[in-house]
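Structural overview for review
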Amino acid sequence: MDVIILSSSSSCCSKFKYGCAVTGTKPSVLSCNESLGGIKIGNLKVLPSGCRVNWKKHRKKKVGVCGFVIRSSFDVVVVKRKPESTMSSEEVYRVLKSISDPNQAFSFFNSVAEMPRVIHTTETCNYVLEMLRAHRRVEDMVVVFNLMQKQIIKRSINTYLTIFKVLYIRGGLREAPVALEKMRKVGFVLNGYSYIGLIHLLLKSGFCREALKVYRRMVSEGIKPSLKTYSALMVALGKRRDIETVMGLLQEMESLGLRPNIYTFTICIRILGRAGKIDEAYGILKRMDDAGCGPDVVTYTVLIDALCNAGKLNNAKELFLKMKASSHKPDRVTYITLLDKFSDHGDLDAIKEFWSEMEADGYLPDVVTFTILIDALCKVGKVDEAFGTLDVMKKQGVAPNLHTYNTLICGLLRLNRLDEALGLFNSMESLGLETTAYTYILFIDYYGKSGESGKAIKTFEKMKTNGIVPNIVACNASLYSLAEQGRLEEAKEFFNGLKKCGLAPDAITYNIMMRCYGKAGRVDDAIKLLSEMEENGCDPEVVIINSMIDTLYKADRVDEAWKMFQRMKEMKLAPTVVTYNTLLAGLGKEGRVQEATALFKGMIADDCPPNTISFNTLLDCLCKNGEVDLALKMLFRMTEMNCFPDVLTYNTVIYGLIKENRVNYAFWLFHQMKKVICPDYVTLCTLLPGVIKDGRIEDAFRVAKEFVHHVGDHADGSFWEDLMGGILIEAEIGQSILFAESLVCNRICEDDSVLIPLVKFLCKHGKAVDAYNVFLKLTKSFCITPSLEAYNSLIDGLLKARLTEMAWGLFYKMKNAGCTPDVFTYNLFLDALGKSGKIKELFDLYEEMLFRGCKPNTITHNIVIFGLVKSNSLDKAIDLYYDLMSGDFCPTPWTYGPLIDGLLKLGRLEEAKQFFEEMLDYGCMPNCPLYNILMNGFGKQGDVETACELFRRMVKEGIRPDLKSYSIMVDCLCMVGKVDDALHYFEELKLSGLDPDLVCYNLMINGLGRSQRVEEALSIFDEMRNRGITPDLYTYNALILNLGIAGMVEEAGKMYEELQLKGLEPNVFTYNALIRGHSMSGNPDRAYAVYKKMMVGGCRPNTGTFAQLPNQS
């Protein structure tokens, strides 16, 4: 059949410039070089306006038209007939693409739309929409869009994006709720199908909130959504845990006359189950029965899954039995769900039971069920049995898959059997299995959690090298390894690199990075990342917000933490018990008892029942802030709210009672605790110090005896050390010793575990002699054999107290008792000898150390070098250093410190510089004390420029100057008269967060006084006292001297009187300063009066005194 259409008339379509001819059995277009002058594709001819065709040539052919009559301007008429052939959508699209003129293209588009057997597609419509958009022809775009709605042509994302562009709407598809209003104003009116399609496109793109807004608009316009649309919205919102909106949608659909089906109800049960709202899920199940829409096998399986996730395994078993008794028998998915969930809980007996039931119901084990069984065995540590199951699996003809082997690798890694896991990984290729990203993720995760971030990243790179494209899970595992190691910059670089790989970060990625920023104290970066996350359409999960609240609280940004909490409602996120616990902990640390109590009540009001952690957190706040009675009431309320006290609960309240000296009540509560739960060592460390302080040593002894009998070997040295440490802080020393003696005497503690903390505590508090006596009593009277640690602790204390003879005597007793000294023991004595300048004895002991086979360490050699320098044997120290360096000695800054200090004090500055450079060459990085030595040495030699340069270098290298650093700079600069520079460092010290001490103030006051800037010196003096620093004799002497020199003799006299009122004894320098002031002011009588007072007071004059006295005539 042939069709010829020649037209330029408006009767066909507006501004139609082409005529169409369909000849033969296939439609086509004439080429431009034909005699007709048109365009040709195959047999379809599109003729330009004004062309003539000899109709007679076609009179013998049958002609079929496109379903309409065309009366051309050339009186050519085509009679309407039923078409016998059609034009394909692909050919229509090709024709459209060949037409560059929008008028001709639009005319052709409309003419094809009139053809009953030629159908436009999304592709052709979108092409015309884009062409019209480029020429701003909005009205014609409306025509195309309406055609798509009328002919039910699928509207794709590009359809809407093209319309958005012409309306100047930026932001992509997620701007749909805003765009709809603008679209309506210019004529784009969506019908029901368009609304439904747009909602599904939004959901598919992850824009759940925007989809919900479009749904609301749809309903407001009186258009009823489909059941499928409701289901899709409910599934998407369920994934975001927005239960309130999901249940609201269920009510709305019913109010619109839509009856929920099994699928809808099952979605609700799944969502409620995932949120742990089991009672509500059962309520939906009951509604299904009431509505005559009984549950099917899928419904039962979903509810079983929810029960298992909530830890209600017994309820899951009951429902399984009910299911078996009903007409809906368990299917393979049900059994897989049960096996998988009980595997997560390590219940092997239940797994074997379900396995038997599954086989009895005719479901033979397959690769999925076998893999679950292997996983269950691995999770309880039975990896060898899991490999046995693998053999059984193979014998039954079930081939293991990649997931099976990944499960085994995971089990091996869980037990730290890395070599076996790597061996299995390397054998997978020979088994015909191609590894995926997940296999690599297992190793990346293992290395990351083991603190080996380098190996984790190396594995990630190996995965890419092997041609496996990383997924976001692999990237997250790698990122986690960097974040856990605190390698922020590398983590940041890795995170930014995800986009280059074409991967979009997910909620876990953002959470890892935000936690990483939080740990580094970069809270603002974490908040910025949260905003970026929302902008990218990645809805934050509640765990991320919880993490942010915690981070803000730890950064002391409390108000922002609470604002973040309030924002949760805007995000449609329900606060969890973790959210509330985080806020409770923050309020507790701040001592805000009323707010904490109110928040706790708010939890209950917001249908978020508190857990044991919530109670413990609140109890801690109450007990630490004097609200113990309220804490006791809360403790007794716990069981009413289905919470059960744990050991921490009781420990917290016992702590509060002991703190208020309510020992009897604490003791009673302790006995109540024992009826339900076993006390731990923290309980004893909390209770017994108060009991012993109260003088109830026998009661304390009985408690300790009972505890040791119960725990056995778990009452180790660390327990006794912690217990005795707490007792010594709270109780008197005599009471503590009596308790320790009762433990040793009755063989409750048979070693020196109670002796060591006693010795350490007494030595630390300057009672080394008492420590020595206790040591002798417990070792001799009670036959306790002291350990090396006990000896070392007492020797250390005696040496620090300068009880050298007692320390040496103990050293000899130690060796005679058969307790071999270790390197720490020798280092203690070597250090004491070195500081006292006894070099011969030092080397004798060093030789003994070597003779006894005790290998010196770096500290030993540093002590010897220091001793040599201190005894003015610097060159010998340098020789020893080079001897050591010829071996395997690894120097530290403490090695170089004494050597450089010695060289500087002797004025050997160049050698000191050489040692410093040599230190750097050996890779030994300087620390702050070493820089202090250098700055002090050069400064005291008058080279303050080098001292300043060293200070700047230290700061540049990231080493924070300490108080001594600033004091050295102030001292050196004041010495050479650069007081302004000294003041700069003094002020910088305060700005850096450090507080000047008495020495630093004295240096600054003296420096200003010597420069005749007495008023400023007095100002610094007042500042010092306002900061609570008490002036010493040096302070007053400096002021008296410099006030006298400045002629302010009366003020100097007042300072003299003030120092005496402070209880300070004037020395020769005080009197010399006063004498000099009076002499310089021309008052010899007062000068001699001071001299006489000095002599009467018993202060001997020195040569300076006589030099200051004026000559008597």
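All of these numbers come straight from a predicted model, not from anything done at the bench.

**A closer look at the overall build of the chain**
Across its full length, the chain holds 59 helices and 6 strands. In terms of overall dimensions, the chain has a C-alpha envelope of 155 × 80 × 65 Å along the principal axes. Out of the 1113 residues belonging to the chain, those deemed buried represent 50%. Across the chain, every contact between residues at least 6 apart in sequence was considered, and the portion connecting residues at least 24 apart equals 58%. A total accessible area of about 54400 Å² is found for the chain, and carbon and sulfur atoms account for 52% of it.

**A few points about the nonpolar core**
If you look at the biggest cluster of nonpolar residues, it comprises 359 residues, and the most contacted ones within it are Met183 and Phe739. Setting aside its immediate chain neighbours within four residues, Phe739 contacts Leu688, Ile692, Ile697, Ala700, Phe701, Ala704, Leu723, Met724 and Ile727.

**Regarding the side chain of Asn1002**
Tracing the backbone shows Asn1002 in helix α53 (residues 998–1010). Classification of Asn1002 as buried rests on a relative accessible area of 5%. Not counting chain neighbours up to four residues away, the residues in contact with Asn1002 comprise Asp1032, Tyr1034 and Thr1035.

**As for unusual backbone geometry**
The backbone of Ile152 sits at a positive phi, close to 55°, despite the residue not being glycine. In this structure, Ile152 sits in the loop between α4 (138–150) and α5 (157–166). At Arg747, a residue that is not glycine, the phi angle is positive and equals roughly 60°. Within the fold, Arg747 resides in the loop between α38 (733–745) and α39 (755–764).

**Focus: a positive patch on the surface**
A cluster of basic side chains, namely Lys239, Arg241, Arg270 and Arg274, defines a positive patch on the protein surface. For Arg270, the location among the structural elements is in helix α11 (residues 262–274). Judged by its relative accessible area of 31%, Arg270 falls in the partly exposed class.

**Here we look at the packing of aromatic side chains**
Scanning the entire structure with this criterion turns up 42 aromatic pairs. A cation sits over an aromatic face here: Arg696 above Phe667, 4.8 Å from the ring centre.

**Things to note about the side chain of His861**
When you line up the elements, His861 lands in helix α45 (residues 858–870). Residue classification places His861 among the buried residues on the basis of a relative accessible area of 11%. Once you skip the residues sitting within four places of it in the chain, His861 turns out to touch Tyr846, Pro856, Leu884 and Phe889.

**A closer look at helix α3 (residues 122–134)**
In this model α3 runs 18 Å from its N-terminal to its C-terminal C-alpha over 13 residues, within 8% of the 18 Å that 1.5 Å per residue would give. Along α3, the positions that sit buried rather than exposed are Thr122, Thr124, Cys125, Asn126, Val128, Leu129, Met131, Leu132 and Arg133. Next to the buried residues of α3 lie α1 (89–98), α2 (102–114), α4 and α5. One or two steps after α3, the chain reaches Arg136, where phi turns positive at roughly 60°.

**Some thoughts on a nonpolar patch on the surface**
A cluster of nonpolar residues, Phe636, Tyr665 and Trp668, forms a patch on the protein surface that exposes about 300 Å² of accessible area. With respect to the helices and strands, Trp668 occurs in helix α34 (residues 663–676). A relative accessible area of 41% means that Trp668 is categorised as partly exposed.

**Focus: the environment of Asn471**
Position of Asn471 among the secondary structure elements: in the loop between α22 (453–465) and α23 (472–484). Residue class for Asn471 comes out partly exposed when judged on its relative accessible area of 30%. Ignoring anything within four residues of it in the chain, the contact list for Asn471 reads Ala437, Ile441 and Leu503.

**Details of the packing of helix α57 (residues 1068–1080) against helix α58 (residues 1084–1096)**
Where α57 contacts α58, the two axes come as close as 8 Å, and the packing angle between them is 165°. By the angle between their axes, α57 is roughly antiparallel relative to α58. Two packed elements cross with a definite hand, and for α57 against α58 that hand is left-handed. Listed contacts from α58 to Val1068, Tyr1071, Leu1074, Ile1075, His1078 and Ser1079 of α57 are Arg1086, Ala1087, Val1090, Tyr1091, Lys1093 and Met1094.

**Re the packing of helix α37 (residues 717–730) against α39**
Running from amino to carboxyl end, α37 crosses α39 at an angle of 40°, the nearest separation of the two axes being 8 Å. If you check the angle between α37 and α39, you find them oblique. Taken as a pair, α37 and α39 cross one another with a handedness that is right-handed. Of α39, the residues touching α37 (which contributes Trp720, Glu721, Met724, Leu728 and Ile729) are Pro757, Leu758, Lys760 and Phe761. Class assignment of the residues belonging to the contact of α37 with α39 gives a composition of 7 nonpolar, no polar and 2 charged.

**Thoughts on helix α28 (residues 558–570)**
For α28, the complete set of buried residues consists of Val558, Ala561, Trp562, Met564, Phe565 and Met568. Looking straight down α28, one finds its buried side chains confined to an arc of 150°; they lie on one side. Seen from the open side of α28, the exposed residues pointing more than 90 degrees away from its buried face are Asp559, Lys563, Gln566 and Glu570. Those residues of α28 that are buried lie in contact with α26 (523–535), α27 (542–554), α29 (577–590) and α30 (593–605). Following α28 by one or two positions, Lys572 adopts a phi angle in the positive range, close to 60°.

**Observations regarding the pattern of salt bridges**
Under the definition given, this model contains 56 salt bridges. Put simply, Glu130 and Arg133 hold a salt bridge, and the shortest N to O gap is 2.8 Å. Within this pair, Glu130 and its partner Arg133 are both found in helix α3, separated by 3 residues, close to a single helical turn. Here the residues in one salt-bridge network are Glu987, Lys990, Asp995, Glu1023 and Arg1027, joined through shared partners.

**Some details on the confidence of the model for the chain**
Per-residue pLDDT for the chain averages 83, and the proportion of residues at 70 or more is 92%. Low pLDDT, under 50, characterises residues 1–85; the stretch is placed with 170 contacts to residues that sit more than four places away or in other chains.

**Let's talk about the environment of Thr465**
The topology assignment puts Thr465 in helix α22. Under the relative-accessibility criterion, Thr465 is labelled exposed at 67%. Within the structure, the side chain of Thr465 is placed 2.8 Å from the backbone oxygen of Glu461, a separation counted as a polar contact.

**As for the state of the cysteines**
Under the criterion given, the structure shown has 0 disulfides. The closest cysteine sulfur to the non-disulfide-bonded Cys819 is located on Cys854, 12 Å from its own sulfur.

**So, the environment of Gly222**
Considering the arrangement of structural elements, one finds Gly222 in the loop between α8 (208–220) and α9 (227–239). Through-space distance from the C-alpha of Gly222 to that of Gly192 is 9.6 Å; in sequence the pair is 30 residues apart.

About the thresholds
Residues numbered from 1 in each chain as written. Predicted model: local features only at pLDDT ≥ 70, side-chain atom pairs only at ≥ 80, totals over all residues. Heavy atoms only, no water. Helix = DSSP H or I, 4+ residues; strand = E, 2+ residues; numbered from the N terminus. Buried < 20%, exposed > 50% of the residue type's maximum accessible area, 1.4 Å probe, protein only. Contact = heavy atoms within 4.5 Å. Areas by Shrake-Rupley, 256 points an atom, 1.4 Å probe, with all protein chains shown as cover. Core = buried A, V, L, I, M, F, W, Y, C linked by side-chain atoms within 4.5 Å. Patch = residues over 30% accessible without salt bridge, like charges linked within 9 Å, V, L, I, M, F, W, Y side chains within 5 Å. Salt bridge = Lys/Arg side-chain N within 4 Å of Asp/Glu carboxyl O. Lys, Arg positive; Asp, Glu negative; His and termini not counted. Charge placed at Lys NZ, Arg CZ, Asp CG, Glu CD. Phe/Tyr/Trp six-rings, centres within 6.5 Å; stacked < 30°, edge-to-face > 60°. Lys NZ or Arg CZ within 6 Å of the ring centre and 35° of its normal. Expected span 1.5 Å × (residues − 1). Axes fitted to C-alpha atoms, helices over the stretch in contact; angles between N-to-C directions. Parallel < 35°, antiparallel > 145°, perpendicular 65-115°, else oblique. Left-handed = near helix turned anticlockwise from the far one by under 90°. Nonpolar A, V, L, I, M, F, W, Y, C, P; charged D, E, K, R; others polar. Arc of directions from axis to C-beta. pLDDT = per-residue confidence, 0-100. Polar contact = N/O pair within 3.5 Å; in protein donor to acceptor, adjacent residues only side chain to side chain. Disulfide = S-S within 2.5 Å.

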